[in-house]
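Chain by chain, the residues:
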Amino acid sequence: MRIAHPTTNRVYASRTNFLFPMRIIIQRVKSSQVEVNDRIIGKIGRGLNLLVGIADTDTEVELDWMARKCLELRLFPDSKSVQDIGGELLVISQFTLYGDCRKGRRPSFDRSAAPERAEILYDKFVKMLRESGLKVETGLFGAMMQVSIDNDGPVTLVLERESA
């Protein structure tokens, strides 16, 4: 049976083929920074490091839910959120979160959004986070980056949201 995704109208062989969620790895940090070509382009103090994977089925509905969840999750002492403590966010695009290693020796990234579409959605996600008033730093989309993370805890979570 072939079925169209309800928001993108992309046709899939079955419903299970389009239920790949937006994925974010959240890490509570004391500090974090990202470098491109040996130059620091983003640096934060206490807050969250977000490694963001955009699926080919993601829409603004998922972006909004994920942004709110990242800002409101109570991951700091005394059940406080990053908003509650006035923390900072470092947001890094990472399509490799969709690497499928089940077959062969080379990961498949078929579930990742195409770079052009992923960059648009990534920028919208960052904009939603910035609307919180917190300091939000980013990496450089599509670039080879070196990310330094000083974990606090460590606290690391996988946040997923299936397409609506």
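To start, this report covers the structure provided alongside it. Note that the structure is predicted; figures quoted are calculated from it, not measured.

Moving on: the overall build of the protein. For the protein, the count of helices and strands is 2 helices and 8 strands. Each helix and strand of the protein, ordered N terminal to C terminal, gives the series β-β-β-β-β-α-β-α-β-β. When each of the 164 residues of the protein is scored for burial, the buried share is 42%.

It is worth spelling out the packing of aromatic side chains at this point. Tallied over the full model, the rule gives 2 aromatic pairs. Ring centres 5.0 Å apart and planes at 70° place the aromatic pair Phe 95 and Phe 109 in the edge-to-face group. Here the residue Phe 95 occupies a position in the loop between strand 6 (88-93) and helix 2 (115-130), and Phe 109 occupies one in the loop between strand 6 and helix 2, the gap between them amounting to 14 residues. For Phe 95, a relative accessible area of 48% puts it in the partly exposed group. The class for Phe 109 is partly exposed, based on a relative accessible area of 30%. Pairing Tyr 122 with Phe 141 gives two aromatic rings, centres 5.8 Å apart and planes at 45°, and the pair type is tilted. Separated by 19 residues along the polypeptide, Tyr 122 in helix 2 and Phe 141 in the loop between strand 7 (135-138) and strand 8 (146-161) bring together distant segments of the chain. A relative accessible area of 4% places Tyr 122 in the buried class.

Of the voids in this model, the largest pocket is the one considered here, and its volume is about 380 Å³. Around the largest pocket sit 18 residues that line it, and Ser 93, Gln 94, Phe 95, Gly 142 and Ala 143 are the ones nearest its centre. Those elements giving two or more residues to the lining of the largest pocket turn out to be strand 5 (47-53), strand 6 and helix 2. Along the lines of polarity and charge, the residues of the lining of the largest pocket split into 12 nonpolar, 6 polar and no charged.

Along strand 6, 5 of the 6 residues are buried, which leaves the element largely enclosed by surrounding structure. For the crossover that starts at strand 5, traverses helix 1 (residues 60-72) and ends in the parallel strand 6, the hand is right-handed. Bridge count between strand 6 and strand 7: 4 bridges; the pairing is parallel. The residue of strand 7 that forms the bridge with Glu 88 is Lys 135.

The next thing to look at is the pairing of strand 7. Only one face of strand 7 is buried: it carries Val 136 and Thr 138, and the other face, with Lys 135 and Glu 137, is open. Chirality of the crossover, the property in question, places the unit of strand 6, helix 2 and strand 7 among those that are right-handed.

Take the pattern of salt bridges next. For the structure shown, the criterion picks out 6 salt bridges. Residues Asp 152 and Arg 28 are paired through a salt bridge, measuring 3.4 Å at the closest nitrogen-oxygen approach. Here Asp 152 is found in strand 8, whereas its partner Arg 28 is found in strand 3 (residues 22-36), with 124 residues between them in sequence. With respect to class, Asp 152 is no different from Arg 28; both count as buried.

What counts and how
- Residues numbered from 1 in each chain as written.
- Predicted model: local features only at pLDDT ≥ 70, side-chain atom pairs only at ≥ 80, totals over all residues.
- Heavy atoms only, no water.
- Helix = DSSP H or I, 4+ residues; strand = E, 2+ residues; numbered from the N terminus.
- Buried < 20%, exposed > 50% of the residue type's maximum accessible area, 1.4 Å probe, protein only.
- Phe/Tyr/Trp six-rings, centres within 6.5 Å; stacked < 30°, edge-to-face > 60°.
- 1 Å grid on protein atoms, 1.4 Å probe; cavity = no way out; pocket = protein on both sides within 12 Å on 5 of 7 lines; lining within 4 Å.
- Points joined across faces, edges and corners; volume = space filled by probe spheres on them.
- Nonpolar A, V, L, I, M, F, W, Y, C, P; charged D, E, K, R; others polar.
- Right-handed = clockwise from strand over helix to strand, strands pointing away.
- Pairing = 2+ DSSP bridges.
- Salt bridge = Lys/Arg side-chain N within 4 Å of Asp/Glu carboxyl O.

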